[in-house]
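If you want the building blocks of each chain, they are given just below.
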Amino acid sequence: MEIYVVKDYKEMSKKAAKIIAEEMKRKKDLVLGLATGSTPEGTYAKLAKMCEKGKIDFSNVVTFNLDEYLGLEDEHEQSYHHFMDKHLFSKVNIKPKNTNVPAGCPKNIEKTCEKYDKKIESLGGIDLQLLGIGNNGHIGFNEPGDVFIPETHVAKLTEATLDANARLFKSKDEVPKESITMGMKSIMNAKKILLLASGSGKANAICMSLSGPITPWVPASILQLHNDLIVVIDEEAAQQILEQKKTMQRARVYKSY
Ligand code: GLP
């Protein structure tokens, strides 16, 4: 595990964009796993700028998003389809046919989930998976529970997530109660994983995930088993994990602030 502790959100976004850009240069037809939420917004803005300047090229890149709210049409302002169009896809030279986001209103949910996993597999899996993290340690919408679910599946949102995501809707009641999310198999099969977190609100989730026991009750804790995990966090999000001596000894830690 490599942990980069940077000063703030801006530096996190810069570092993350740099890592993604390097992978894109290394492999023109990169299979890139993408995340939504406030955390990667700055990273996407940086990537859009790099693309505008001709420094990176999305023309052969294929993307797979982690998740979507169940019941939201693609055009809905809070759908992850809309988020991705707004923050990345409309700003770079990616081919729309190369972008994949789970359908929010699928005709057949089971088949849609199955097809999503098969499509990822048919391309040889994800090369680089970008991840944010929920306050409760969720990744994608893999919420805390009894088991890690391997496949793309329908997931019920926990109260903690409904509360956290209510800020983006008019009221908590409007937050969809379910989602479609990539499961742990596609995430863990990614050749490289880039986990981002910013702010003190994520400090506990980061510490529990990277330093605590590996348990489905803290979904991101499974990432400890990945052998190419890069973590980019800001000073505030790093507060608690920096105190975990054993984890810090195991990881390669780079501080730049
Ligand atoms: C959402 C998404 C996750 C995201 C997380 C954190 O529920 N499903 O993929 O990582 O919440 O969001 P934020 O970056 O806005 O804190």
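Placed above this text is the structure.
If you're wondering where the values come from, they're calculated on a predicted model, not measured in any experiment.

(A) Quick look at the sheet that holds strand β9 (residues 192-197). Reading across from one edge, β5-β3-β2-β6-β9-β10-β1-β11 is the order of the 8 strands in this open sheet, with parallel pairing throughout. The open sheet is flanked by β5 (99-100) and β11 (252-256), the only strands paired with a single partner.

(B) Region of the structure containing the nonpolar core. Core analysis: the largest hydrophobic core is formed by 35 residues, its most contacted members being I187, L195, L223 and I233. For this core, the elements supplying multiple residues, two or more each, are β1 (2-6), β3 (62-65), α4 (109-122), α6 (184-189), β9, α7 (203-211), β10 (229-234) and α8 (235-238). No other element matches α7, which puts 4 residues into this core. Listed in part, the 33 residues of the second largest apolar core include A16, I19, M50 and I94.

(C) Main features of the packing of helix α1 (residues 9-26) against helix α2 (residues 41-52). In the contact formed by α1 and α2, the axes pass within 8 Å of each other and the chain directions differ by 50°. Taken together, the axis directions place α1 and α2 in an arrangement best described as oblique. Crossing of α1 over α2 shows right-handed handedness. Residues Y9, K10, S13, K14, A16, A17, K18, I20 and A21 of α1 pack against E41, G42, T43, K46, L47 and M50 of α2.

(D) Layout of the pattern of salt bridges. Per the counting criterion, the structure on display carries 11 salt bridges. With its nearest N and O atoms 3.8 Å apart, the salt bridge here joins K7 to D8. Across the pair E114 and K118 runs a salt bridge, and its minimum N-O distance is 3.4 Å. Here the residue E114 and the residue K118 both occupy positions in helix α4, the gap between them amounting to 4 residues, near one helical turn. A relative accessible area of 48% places E114 in the partly exposed class.

(E) The site of the ligand, seen in detail. Near the ligand you find 14 residues, and of these S38, T39, D67, R167 and K202 are the closest. One of the side-chain N or O atoms of R167 is found 2.9 Å from an oxygen atom in the ligand. Compared with its free state, where it exposes 390 Å², the ligand has 93% of that area covered by protein. Grouping the constituent residues of the shell around the ligand by class yields 3 nonpolar, 8 polar and 3 charged.

(F) Seen up close, the sheet that holds strand β8 (residues 178-181). Pairing within the open sheet is antiparallel, and its 3 strands lie in the order β4-β8-β7. Since the sheet does not close on itself, it has two edges, and those belong to β4 (67-69) and β7 (153-156), each with one partner. Adjacent strand axes in the sheet meet at a mean angle of 30°, parallel and antiparallel pairs treated alike. Relative to β8, β4 is paired through 3 bridges, and the arrangement is antiparallel. For D67, the partnering residue across the bridge sits in β8 and is T181.

Cut-offs used in this document
- Residues numbered from 1 in each chain as written.
- Predicted model: local features only at pLDDT ≥ 70, side-chain atom pairs only at ≥ 80, totals over all residues.
- Heavy atoms only, no water.
- Pairing = 2+ DSSP bridges.
- Helix = DSSP H or I, 4+ residues; strand = E, 2+ residues; numbered from the N terminus.
- Core = buried A, V, L, I, M, F, W, Y, C linked by side-chain atoms within 4.5 Å.
- Buried < 20%, exposed > 50% of the residue type's maximum accessible area, 1.4 Å probe, protein only.
- Axes fitted to C-alpha atoms, helices over the stretch in contact; angles between N-to-C directions.
- Parallel < 35°, antiparallel > 145°, perpendicular 65-115°, else oblique.
- Left-handed = near helix turned anticlockwise from the far one by under 90°.
- Contact = heavy atoms within 4.5 Å.
- Salt bridge = Lys/Arg side-chain N within 4 Å of Asp/Glu carboxyl O.
- Near = heavy atom within 4 Å.
- Polar contact = N/O pair within 3.5 Å; in protein donor to acceptor, adjacent residues only side chain to side chain.
- Areas by Shrake-Rupley, 256 points an atom, 1.4 Å probe, with all protein chains shown as cover.
- Nonpolar A, V, L, I, M, F, W, Y, C, P; charged D, E, K, R; others polar.

Scope: geometric values only; no functional claims are made or implied.
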